[in-house]
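Chain by chain, the residues run as shown.
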Amino acid sequence: MVALPLPGGGSQESPHVASGKERSRRVSGGVCIVVSLEIKADAHVRGYVGEKIKLKCTFRSTSSVTDKLTIDWTYRPPSSSRTESIFHYQSFQYPTTAGTFRDRISWVGDVYKGDASISISDPTIRDNGTFSCAVKNPPDVHHNIPLTELTVTERGFGTMLSSVALLSILVFIPSAAVVVLLLVRMGRKSAGLKKRGKSGYKKSSIEVSDDTDQDEDGCMARLCVRCAECLDSDSEEIY
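Residues numbered from 1 in each chain as written. Predicted model: local features only at pLDDT ≥ 70, side-chain atom pairs only at ≥ 80, totals over all residues. Heavy atoms only, no water.

The chain is annotated in an unreviewed UniProt entry as Myelin protein zero like 3 of Equus asinus. According to its UniProt record, the chain has this under Sequence similarities (unreviewed entry): "Belongs to the myelin P0 protein family." (UniProt positions renumbered as here; feature names shortened; annotations may be inferred.)

The structure is reproduced here in structure tokens:
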């Protein structure tokens, strides 16, 4: 509801109904301005032991981002009401320096793009639980607080097997296809040569001249070798 000033100094409520993502801020003159801050996060995130996990959180504000903007991530273990702060942002990143997540929280967001995401390094099964992302961008300070349920498990044999199968598809199958194509090409070439031999194939004048040149080159080479041997024998007789 939005309050409107009356001539006598009082106020009355207009029939406008604000949604759950809106709030009212009172300013001079008794006028209420409706502003909005919306935050979104994945409801469920699944990860594997030892593999970095990203906890995604985005926000949309009606106000421009300033150095007053703050981001807070908290963690609550399963079956527990106790929460602990694991990350704080205000112009700079301040990951926790104590507790389970010490030296394992990294900032991967960009406030100017509405991104408040973080990542967890070397996750373990003990990291399972509920994470919450809270953003305040004055004058937008009231908002919904989305929750993210994290489930960390060991990679099973089935998951590893599927990874190996995918690697085989990407690497070995193309290689096998190339080998098959080469074999088909060689088979066709061999079949063509056999067909020529059976049909009394005669060489063309160009092929005959090539063979003649090769024979002449062979004869010249043998002649040179014989001459060299003769010269060697003559030299031995002189000495």
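A. How the structure looks around the overall build of the chain. Helices and strands together make up the secondary structure of the chain, namely two helices and 14 strands. Taking all 239 residues of the chain together, 24% fall into the buried category. Residue pairs at least 24 apart in sequence account for 51% of intrachain contacts in the chain once pairs closer than 6 positions are excluded. Accessible surface, the chain: about 16,700 Å² in total, of which carbon and sulfur atoms supply 58%. (Helix = DSSP H or I, 4+ residues; strand = E, 2+ residues; numbered from the N terminus. Buried < 20%, exposed > 50% of the residue type's maximum accessible area, 1.4 Å probe, protein only. Contact = heavy atoms within 4.5 Å. Areas by Shrake-Rupley, 256 points an atom, 1.4 Å probe, with all protein chains shown as cover.)

B. Molecular detail of the nonpolar core. Counting 26 residues, the largest nonpolar core has Ile71, Trp73, Ile86 and Phe131 as its most contacted members. Once residues within four sequence positions are removed from consideration, Ile71 is found in contact with Phe87, His88, Tyr89, Trp107, Val111, Ala116, Ala134 and Val135. (Core = buried A, V, L, I, M, F, W, Y, C linked by side-chain atoms within 4.5 Å.)

C. Local environment of the state of the cysteines. The full count for this structure, using the stated rule, is one disulfide. The disulfide bridge from Cys57 ends at Cys133, spanning 2.2 Å between sulfur atoms. Judged by the torsion about the S-S bond (-80 degrees), the Cys57/Cys133 disulfide is left-handed. Within this pair, whereas Cys57 is found in strand E7 (residues 57-61), its partner Cys133 is found in strand E13 (residues 129-136), the two being separated by 76 residues in sequence. The two residues Cys57 and Cys133 agree in class, both being buried. (Disulfide = S-S within 2.5 Å.)

D. Expanded view of the pairing of strand E14 (residues 147-153). Where burial is concerned, the two faces of E14 differ: the one with Thr148, Leu150 and Val152 is buried and the one with Leu147, Glu149, Thr151 and Thr153 is not. Of the strand pairs in this sheet, strand E5 (residues 44-48) and E14 are connected by five bridges, and their pairing is parallel. Bridged to His44 within E14 is Glu149. Sheet topology places E13 next to E14; four bridges connect them, and they run antiparallel. From the neighbouring strand, Phe131 faces E14, where its bridge partner is Thr148. (Pairing = 2+ DSSP bridges.)

E. Seen up close, the sheet that holds strand E12 (residues 118-120). Read from one edge to the other, the open sheet built from three strands follows the order E6-E12-E11, with strand pairing classed as antiparallel. The open sheet has two edge strands, strand E6 (53-55) and strand E11 (105-107), and neither has a second partner. Strand-to-strand, the axes of this sheet are offset by a mean angle of 30 degrees, without reference to chain direction. (Axes fitted to C-alpha atoms, helices over the stretch in contact; angles between N-to-C directions.)

F. A look at the sheet that holds strand E9 (residues 84-90). Taken together, the six strands give an open sheet; going across it, the order is E5-E14-E13-E8-E9-E10, and neighbouring strands pair in mixed fashion. Taken across any chain shown, the strands that pair with only one partner, and hence form the sheet edges, are E5 and strand E10 (92-95). The average angle at which neighbouring strand axes cross in this sheet is 20 degrees, direction not considered. Sheet analysis places strand E8 (residues 70-76) next to E13, joined by seven bridges and oriented antiparallel. Paired with Thr74 across the strands is Ser132, a residue of E13.

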